[in-house]
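Here is how the chains run, residue by residue.
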Amino acid sequence: QDNLKIVIGIQKEGATADKIKMVTLYPVVGTPAGTSIQFNIDLTNEGRTDRTFELIVKGVPQLWTTAVEPAFEKKQISTISLKAAETKGVNLILTPPERQGPGEFPVTFQARSGSVQDTLELKVEVTGSYDITVTTPTGRLNAEAVAGRESVMSLLVANTGTAEVKGISFSSTK
């Protein structure tokens, strides 16, 4: 006795089977202020038709720079074409300004072609920038001293970064 298995797909009239899926391994990335970070994102056209997707970045703070590049290429793009069932990688590159204070900054990345879309919620954790300056009250960095006598030199140390600086030590040599 032979059995025949028949599979029937039923779809609502007007419904679309088109879908895009986006994936990143690291949705939360940390960086010091002023340093670029990169989110590697794979986009898969899970639909039956070739499509061109608009790439949209939302929620980026003022003064940050933003770029979207194809994986392994150095050119900025705002759209990407995907054949049916094709996967391509893109890099979302964000750079906070040097004076950005520490904090967590949510960013939304979206791929859209008509009603077909997907969204990734990403987060940048900025640690701030680390910088100190050392000077004297007069700005003069050399001193006059007499051998065998105590000589005092006043120093002004300033945190010119945006993050707390700890563990500063001073030493002198003969």
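For the structure, see preceding data.
Quantities reported herein were computed from a predicted structural model and do not represent experimental measurements. (Residues numbered from 1 in each chain as written. Predicted model: local features only at pLDDT ≥ 70, side-chain atom pairs only at ≥ 80, totals over all residues. Heavy atoms only, no water.)

## Some thoughts on the overall build of the chain
We count it as follows: Each helix corresponds to a stretch of at least 4 residues labelled H or I by DSSP, and each strand to a stretch of at least 2 residues labelled E; elements are numbered beginning at the N terminus. When a residue's accessible area, from a 1.4 Å probe over protein chains only, is under 20% of the maximum for its type it is buried; when over 50% it is exposed; and in between it is partly exposed. Residues are treated as being in contact if the distance between any of their heavy atoms lies within 4.5 Å. Note that accessible areas follow from Shrake-Rupley with a 1.4 Å probe, and for residues the cover is restricted to the protein chains shown. Neither His nor the chain ends contribute to the count of charged residues, in which Lys and Arg are positive and Asp and Glu negative. Here the site of a charge means atom NZ of a Lys, CZ of an Arg, CG of an Asp or CD of a Glu.
Across its full length, the chain holds zero helices and eleven strands. What you see in the chain, going N to C, is helices and strands ordered as β-β-β-β-β-β-β-β-β-β-β. Judged by the C-alpha coordinates and their principal axes, the chain covers about 110 × 40 × 25 Å. Taking all 174 residues of the chain together, the buried fraction comes to 29%. In the chain, the share of contacts with a sequence separation of at least 24, taken over all contacts with a separation of at least 6, comes to 67%. Element-wise, carbon and sulfur atoms account for 50% of the exposed surface of the chain, whose accessible area totals about 12,300 Å². The distance from the centre of the 18 positive side-chain charges to the centre of the 19 negative ones in the chain is 1 Å.

## Comments concerning the pairing of strand E3 (residues 37-45)
The condition that has to hold: Between any two strands, pairing holds if DSSP finds at least two bridges.
Examined bridge by bridge, strand E1 (residues 20-24) and E3 share five bridges and lie antiparallel to one another. Considered in E3, the bridge of Ile20 is made with Asn45. Sheet topology places E3 next to strand E7 (residues 87-95); eight bridges connect them, and they run antiparallel. Considered in E7, the bridge of Ile41 is made with Val90.

## Here we look at the pairing of strand E8 (residues 103-113)
In this structure, strand E4 (residues 51-58) lies alongside E8, joined through five bridges in antiparallel fashion. When the sheet's bridge partners are listed, Val57 is paired in E8 with Phe109. Where E8 lies against strand E9 (residues 116-126), eleven bridges are found, and the strand directions are antiparallel. Its bridge partner being in E9, Gln110 is matched across the sheet by Thr119. Hairpin remark: E8 followed by E9, antiparallel, with two residues in the connecting loop; positive phi at Gly114, about 65°.

## Concerning the side chain of Thr44
Rules: Any N or O atom pair separated by 3.5 Å or less is treated as a polar contact, with the protein-specific requirement of one donor-capable and one acceptor-capable atom, and with residues adjacent in sequence counted only for side-chain atom pairs.
Along the chain, Thr44 turns up in strand E3. Within the structure, Thr44 has its side chain in polar contact with the side chain of Thr87 (distance 2.7 Å). Setting aside residues up to four positions removed in sequence, Thr44 forms contacts with Lys19, Ile20, Lys21, Leu82, Glu86 and Thr87.

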